[in-house]
Amino acid sequence: MLLASVGSSGTDGELKVWAFNKGFNTANNQWQVVRRHKAANSLGCVAFCPWEHGVIIVAGSVDGSLALLNCTTDDQATFAAAHDGAVNGLSWQPLRPGEESLARLVTAGSDAKVKIWRCKESALTPECELSMNGGPPHSNWVRDVDWLKSGAACGLTSDYIASVGEDKMLRIWRRDKNGESEWNCVFEHSESAPQWKCSWAPNSAMLAVSCGDNQTKVFQQTAASGDMEKWEVAFAGSEAAHQ
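The sections below set out a description of the structure shown in this document. Nothing here was measured: the structure is a model prediction, and the numbers come from that model.

With that settled, the discussion passes to the overall build of the protein chain. Summing up its helical and strand segments, the protein chain has zero helices and 19 strands in all. Expressed as a percentage of the 243 residues in the protein chain, the buried residues total 46%. When contacts within the protein chain are restricted to residue pairs at least 6 apart in sequence, those whose partners lie at least 24 apart make up 44%. When the accessible area of the protein chain is evaluated, it comes to approximately 12,000 Å², of which 50% is carbon and sulfur surface.

Right, let's get into the environment of leucine 105. Relative to the helices and strands, leucine 105 is located in strand S9 (residues 103–109). When residues no more than four places from it in sequence are discounted, the contact partners of leucine 105 are Val58, Leu66, Leu90, Ser91, Trp92, Lys115, Ile116, Trp117 and Trp147.

So, on to the pattern of salt bridges. Considering all chains together, one arrives at 14 salt bridges under this definition. The salt bridge involving aspartate 167 is made with arginine 171; its shortest N-O contact spans 3.6 Å. According to the relative accessible area criterion, aspartate 167 is buried, its value standing at 14%. With a shortest N-O distance of 3.2 Å, glutamate 232 and lysine 230 are connected by a salt bridge. Taking the relative accessible area as the measure of exposure, glutamate 232 reaches 36% and is therefore partly exposed.

Attention now goes to the pairing of strand S8 (residues 87–92). Successive side chains on a regular strand alternate, one facing one side of the sheet and the next facing the other. When you tally the buried positions in S8, you get six out of six residues, the bulk of the element. Summarising the sheet, S8 and S9 pair through five bridges and their orientation is antiparallel. Bridge pairing in S9 places glycine 89 opposite alanine 108.

What follows deals with the sheet that holds S9. The antiparallel open sheet is built from four strands, whose spatial order is S8-S9-S10-S11. The open sheet has two edge strands with one neighbour each: S8 and strand S11 (126–131). Across the sheet, the axes of successive neighbouring strands diverge by a mean angle of 30°, strand direction being ignored. Bridge count between strand S10 (residues 114–119) and S11: five bridges; the pairing is antiparallel. Paired with arginine 118 across the two strands is glutamate 127, which belongs to S11.

With that settled, consider the sheet that holds strand S13 (residues 159–165). Judged by pairing direction, the sheet is antiparallel, and its four strands sit side by side in the order S12-S13-S14-S15 without closing on themselves. Edge positions in the sheet fall to strand S12 (142–147) and strand S15 (184–190), since each has one partner strand and no second. Here the average twist between neighbouring strands, direction ignored, is 20°. In the sheet, S12 pairs with S13 via five bridges, with the strands oriented antiparallel. Pairing of valine 142 across the sheet is with glycine 165, part of S13.

Turning our attention to the packing of aromatic side chains. Counted according to the given criterion, the structure contains seven aromatic pairs. Plain terms: the ring middles of tryptophan 200 and tryptophan 231 are 5.6 Å apart, the flat faces sit at 65° to each other, and that makes the pair edge-to-face. Separated by 31 residues along the polypeptide, tryptophan 200 in strand S16 (residues 195–200) and tryptophan 231 in strand S19 (residues 228–237) bring together distant segments of the chain. Using a relative accessible area of 6% as the deciding quantity, one classes tryptophan 200 as buried. By relative accessible area, tryptophan 231 is classed as buried at 5%. Taken together, the ring pairs in this structure connect Tyr160, Trp200 and Trp231 into an aromatic cluster.

Calculation rules
Residues numbered from 1 in each chain as written. Predicted model: local features only at pLDDT ≥ 70, side-chain atom pairs only at ≥ 80, totals over all residues. Heavy atoms only, no water. Helix = DSSP H or I, 4+ residues; strand = E, 2+ residues; numbered from the N terminus. Buried < 20%, exposed > 50% of the residue type's maximum accessible area, 1.4 Å probe, protein only. Contact = heavy atoms within 4.5 Å. Areas by Shrake-Rupley, 256 points an atom, 1.4 Å probe, with all protein chains shown as cover. Salt bridge = Lys/Arg side-chain N within 4 Å of Asp/Glu carboxyl O. Pairing = 2+ DSSP bridges. Axes fitted to C-alpha atoms, helices over the stretch in contact; angles between N-to-C directions. Phe/Tyr/Trp six-rings, centres within 6.5 Å; stacked < 30°, edge-to-face > 60°.

Written as structure tokens, this is what we have:
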């Protein structure tokens, strides 16, 4: 019986889907590769789309392409030139009840761009919907992006995306509830070192960011009015916390 699945990608260019096969005794419990896709170059980031769109996984490559795999039908696709340079991070838009059901994906690239992709026909056919320009752009590699998953549960009526980069900047982007407005940068924060990864909490509007100086910070919204918002550091941890 397959109970859980996880995706992996690596420098060998292989996108793999692993499933946990629970046997009748613990000796038979093991992870097995159930689907795979071979890309032309190294794959550095991977994510499953929301289950409502099917069991579909996407990975970003150092050559700027996206590799997509439908784990149900085994259909595979490669979308070339998503970025002019490596795809460093990606994240799927969560589905909100009653909203448009198209699958959307945000990507971060070494071309200093954050792009949103819309999948009209299926999650295997992304089209570039826009490149973030509603505010100051990143000036160097964008290292990671994350789409807030818990906005509705937290009572937020807007969509939020966070992006971090080699330019030492954290930026938070917002789009209003109706989905027809532009994305705008409503918060930016500079550090003394490049910012590598960002991740929204699964059950709250709190954002964790890791930096090249071995610092991890958690940001929380404290005020929202007009075009800009105020986010403050609720927690900060250093290298010692990871030893």
